[in-house]
Amino acid sequence: MAPCWLRLGAAWSALALSGAALAAAPAPSLQVAPILYTERVLANGLQVIAVPSHTSPMVSVQVWYHVGSKDDPPGRSGFAHLFEHLMFKSTRHLRAEQFDRLTEDVGGSNNAFTSDDVTAYHEAVPSNHLEVLLWAEAERMSNLEVVQGNFVSERAVVEEEYRQRVLATPYGRFGDAIPGAAYQAHPYKRPTLGRIDDLEAATLADVAAFHATYYRPDNATLIVAGDFEPAQLDAWVDRYFARVPRPATAVPRVEVEEPPWTRDRSVTVTGPEVPLPAIALVWLAPPVTSADAPALQVAAALLGRGESSRLNQALVYRQRVASQAGFDADLRIGPGLLSASAIAAGGRPLAQVGAALAAEVERLVREPAGAAELAKVKIQLLTSALLTRQTPEGLAAAVADAAVLGGSATRVNTDLAALRQVSAADVQRVMQRYVGAAHRVTVQYVQDAARP
Amino acid sequence: MIGPRGWATILAALCIGLAASASRAQDYATAPMPGPPRPLTIDAPIEQRLSNGLRVVLARRPGVQIVTAQLVVLSGAEADPPRLAGLASMTAALLTKGTRHHSAPALARAAESLGGALDSSAGWHESEVAITVTVPQLDAALALVAETVREARFAPAELERLRLQLLDDLKVEYARPETLAALAAQRLVFGRGAYGHPAGGTPGSLRRIGRADLLALHAEYYRPDNSVLVLAGDLDADAALTLARRHFGSWRAAPRRIATPAATVADEAPTTTAVIEMPQAGQAAIVLAVPLPRLGPDRATAAVMNEVLGGGYSSRLNQEIRIHRGLSYGVHSGIDARLEGAALRVAIQTKNESAAEVVALLQAELDRLGAQPVGATELAARRAALIGDFGRGLETTAGLGAAVKALIVAGLAPTDLPNRIAALGAVTADQIQHYAAAHLGATRRRVVVAGEAPQFAGALRAIAPDLLSVPLAEFDPESQDAVAPGRRGPRK
């Protein structure tokens, strides 16, 4: 959730390729060069990763704090995200919105996002501004001083963000309701945007306490990617970040465990304006660090990636029961979610859509995927990785994601190698384990009975 | 700071000596000074031409292993016949739904087995099939692009399937207040001209479109002498020409001339402020639009003016509405530049009860642009932000291809790409003030608010006495008058 503003085949074997151009399909294997980076940890615990790349005179500076909406304080749902917005307000030595002056006004950009597990701040600037941004990130790590007026006005912005994303978007309420319907105990059950009454209850004292608790060098990863000279970067990082003190207290961590799902459950969510009803089938996923993660990502791609994916071909194209259908493997530091979802086609009963969705997912549990289909999704995933690496921002985010969520920066390279090794049997095994042998939650989204 | 290739390269040479001496005494209370500027070099795209008239434009980005390929037909929604809104869009969408040789599923599978996806769509004065793949897959990808553009079948079964899918999509789109506000505002600023109609079609027009209509549009406009192959990424000019010849060299144009569509621009509609009553809307969506003349040498002026007004996070509108008052998650303005006309369009969502206050703030900021010059610091900052966004957009092959396509569709030379930065950098405060005073007058502005009307209609009527309010059930996206047939005056 950014503080910034504007910002979804059964017939695989039956439909053989025939033309000369198309017959060439199994393509030469795609080589993805490893990302070269260096990594060190300062005495105060700050993890620093440098990714040199000189394809443009730009540099990306990113600070990923290991705190997310799972860490919202009690009675303060949405607080981690509200806090993210406040990091653009005043500090001891920076005026409110001065980050915009240091980035946009010199030809750069800045933004941030909050997920269940992390809060990440990122800038892209012409590389001669690197030192300035390192100073500024260290400053807001150390000296945040939000004032009441800015707190109140930015909280109003976050409430408008909630209205825009949840209340004023056709399937906003559906997406917002899924975590609460799925998780039984884990704080992942709170949607990242929270609730307006909890946001209204927040105070400046909460802001100071949250910063002191989580915004500290031993709970952060600094990633710099792009056009810089490594020795110079090290000197600047030492200069501005080494002096940020490491608190003596331990960083609190979520200890609640999600109990096993022991039965199938079903929840119906309603909205005042539901153009076409929708349904999601949700299973619990292993942590992103699990050895099963690459096979689950391949399974998700087989089911939901692109027009040729199984769910689109079966539900949208052949059976015409859905207007959209997809599959998401939302893998997290803790237990994530595997979701198959679909929006009904006009006039189709939701029960029929749900049955078709379940049948197609279960086919991947029962039968191994073919070699050509498996090769297809691998090249899709590898190409997608290459696309994100074109910019300093994309490079930095890929390494940060591996380091912070995956637990090790090396995974930015080893995950792609692991992806190549996934076999049809691997896919079938993980689908049996996490879907076939597991219980699921069904979430249906339908029109309010009270529609005028 | 950031400049076109010539002098920028000189700057690069100067930077090396200075960087090492940047270390200095400093307290931590003030930001360090930036180092010497670093150049951004933009290579001019290379244009070639096949004997059948197909233009081949290459924008190089060596080393990235990726190419974005776009076959752009220089005709689009403006060619939709009356009552057949969405025809160009459906024609483009059906290109990838089956050819003489392959079914829709086979085409999708083939493209995705190359790592990309066939993406076909139509806009104003353009229709395209695009794909982004790694270099080793480019030859096979272009074979698919050529097959879809040249040999699409428009099979009746696929037409019916697409029709139902698009009708479902419209149900979802029409549940968004911002979609309805934007459609109504487009009609208000472009009046009865072709630019006023919904390019994506309407529930009525989508039901009327027949296979013969699709075949006629395709035969008329999809021809090599009305098309450009844009290749952006990791290949050279010889390879571009060889691939273009291989896949498009035998494409023949029909001997007749291309038809000229009906007038695209007309006088704006008389209604200045309209409300679409959406009782369930969780927010009010506001669109303010102003018709602009066709852009010419003033293109950069309009772009910088828009950046000052609402183009980026630190624009005036976002400062006043989001940052200072907390009234919205964000406001955005843009120049909708079409070949024969243009419009300034501001879009924002706010809680229903704030809608009238936000409209007044929008109007005040438009007034200010024409009344006072932009200050030097603000102008320099907003120009830099715009130039920076432009430069960063070119860092990906898809962004580079989109920038080149935009120039071509606007009737400009693609080789002009590097000069865009200098043009933006040269815009003055005087030029912006004059442009705003000449074109953004209060009588030309059109405002549409879609939302829970009882929450804001009274306050809005106080500042817009001629307000026209229309219940959602009466909103007609096909109406040429305004937002509902025959409804041109105030309604209590």
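Numbers given to residues run from 1 along each chain, matching the order in which its sequence is written. Just so you know, chain letters begin at A and ligand numbers begin at 1, following the order they were written in. Note on the predicted model: pLDDT of at least 70 is required for a residue's local features to be given, and 80 or more for side-chain atom pairs to be given and counted; whole-chain, interface and lining totals, by contrast, use all residues. Side-chain descriptors were evaluated using all non-hydrogen atoms of the structure, hydrogens and water having been removed beforehand.

A.B. asks: Would you mind showing me how to read the sheet that holds strand β10 (residues 336-344) of chain A here?
C.D. replies: All names here are of chain A. Strand pairing is assigned whenever DSSP identifies at least 2 bridges connecting the two strands. In DSSP terms, a helix is any run of H or I states spanning at least four residues, a strand is any run of E spanning at least two, and both are numbered starting from the N terminus. Taking strand neighbours across the sheet as the criterion, the 5 strands line up as β7-β11-β8-β10-β9 in an open arrangement whose pairing is mixed. Each edge of the sheet is formed by a strand with only one pairing partner; in this case those strands are β7 (265-271) and β9 (322-330). When the angles between neighbouring strand axes are averaged without regard to direction, this sheet yields 15°. With 8 bridges joining them, β9 and β10 adopt antiparallel strand pairing. Bridge pairing in β10 places Asp328 opposite Ser339. Throughout, a contact is declared for two residues whenever any of their heavy atoms are within 4.5 Å. Simply put, an axis is a line fit to the C-alpha atoms, just over the touching stretch for a helix, and the angle between two N-to-C directions goes from 0 to 180 degrees. Against the sheet, helix α11 (residues 310-318) contacts β9 and β10, and its axis sits at roughly 155° relative to β9. Across the sheet, helix α12 (residues 350-366) touches β8 (278-285), β9, β10 and β11 (441-447), and the angle it forms with β8 is around 35°.

A.B. asks: Would you mind going over the layout of surface pockets with me for this structure?
C.D. replies: The gaps of empty space that remain are located by a probe, the size of a water molecule, rolled over the atoms. Residues and elements named next belong to chain A. Detection works on a 1 Å grid of protein atoms alone, calling trapped sets that fit a 1.4 Å probe cavities and calling open sets with protein on both sides within 12 Å along at least five of seven lines pockets, with lining residues defined by an atom within 4 Å of a point. Grid points are joined across faces, edges and corners, and a volume is the space filled by probe spheres set on the points. Taken as a whole, the second largest pocket spans an internal volume of roughly 1200 Å³. Considering the residues around the second largest pocket, the lining is formed by 37 residues, among which Val288, Gln297, Ala329, Asp401 and Asp415 are closest to the centre. Elements with a minimum of two residues in the lining of the second largest pocket: α10 (293-304), β9, α13 (371-388), α14 (392-405) and α15 (411-421). Its residues assigned to classes, the lining of the second largest pocket comprises 20 nonpolar, 7 polar and 10 charged. Amino acids outside the nonpolar list (Ala, Val, Leu, Ile, Met, Phe, Trp, Tyr, Cys, Pro) and the charged list (Asp, Glu, Lys, Arg) are all regarded as polar, and Gly is one of them.

A.B. asks: Just to check I follow, could you spell out the pairing of strand β12 (residues 468-471) of chain B for this structure?
C.D. replies: Regular strands place their side chains on alternate faces of the sheet. Residues and elements named next belong to chain B. Working definition: with a 1.4 Å probe on protein chains only, accessible area under 20% of the residue-type maximum means buried, over 50% means exposed, and in between means partly exposed. Residues Leu468 and Val470 line one face of β12 and the alternating positions Ser469 and Pro471 line the opposite face, and both faces are buried. Sheet topology places strand β7 (residues 273-277) next to β12; 4 bridges connect them, and they run parallel. Its bridge partner lying in β12, Glu277 is registered against Pro471.

A.B. asks: Looking at this structure, how should I read the environment of Thr388 of chain A?
C.D. replies: Residue and element names in this part refer to chain A. In this structure, Thr388 sits in helix α13. Distance in space between the C-alpha atoms of Thr388 and Pro230 is 23 Å, their sequence separation being 158 residues. Once residues within four sequence positions are removed from consideration, Thr388 is found in contact with Gly394 and Leu395. Nitrogen and oxygen atoms within 3.5 Å of one another constitute a polar contact, given that in protein one can donate a hydrogen and the other can accept it, and given that sequence-neighbouring residues count only through two side-chain atoms. In terms of polar contacts, Thr388 uses its side chain to reach the backbone carbonyl oxygen of Ala385, at 2.8 Å.

A.B. asks: Would you mind showing me how to read the environment of Trp283 of chain A here?
C.D. replies: All names here are of chain A. For Trp283, the position within the fold is in strand β8. Each C-alpha atom of the pair Trp283 and Asp401 lies 23 Å from the other, and the pair is 118 residues apart in sequence. Every residue in contact with Trp283, bar those within four places of it in the chain, is listed here: Trp261, Phe327, Gly336, Leu337, Leu338, Ala340, Val361, Tyr434, Val435, Ala438, His439 and Arg440.

A.B. asks: What should I look at first to understand empty space enclosed by the protein in this one?
C.D. replies: In this structure, the second largest cavity encloses a volume near 70 Å³. Along the walls of the second largest cavity sit Trp135, Ala138, Glu139, Ser142, Asn143, Tyr240, Arg243 and Val244 of chain A together with Tyr28 of chain B, which together make up its complete lining. For the lining of the second largest cavity, the leading source of residues is helix α4 (residues 130-142) of chain A, giving 4 residues. Taken together, the residues of the lining of the second largest cavity sort by class into 5 nonpolar, 2 polar and 2 charged.

A.B. asks: Sorry, what's going on with the interface of chain B and chain A here?
C.D. replies: Interface size is commonly expressed as the accessible area that is lost once the parts come together. Of the residues lining the interface, 82 residues belong to chain B; the matching set on chain A comes to 87 residues. The buried area of a pairing is the accessible area, by a 1.4 Å probe, that goes missing from both parts when the two are put together, added over both. Both sides together, the interface formed by chain B and chain A hides about 7400 Å², and carbon and sulfur atoms give 57% of it. It is Tyr28, Arg109 and Tyr329 of chain B in chain B that bury the most area against chain A; as a group they hold 13% of the surface buried on that side. We define a salt bridge as a side-chain nitrogen of Lys or Arg found within 4 Å of a carboxyl oxygen belonging to Asp or Glu. Glu104 of chain A is paired through a salt bridge with Arg382 of chain B; the nearest N and O atoms lie 3.6 Å apart. Where chain B packs against chain A, one counts 27 residue pairs in polar contact (both at pLDDT 80 or more). Looking at the side of chain B that touches chain A, the element that brings in the most residues is helix α5 (residues 156-173) of chain B, giving 8 residues.

Coordinates in, geometry out; function isn't part of it.
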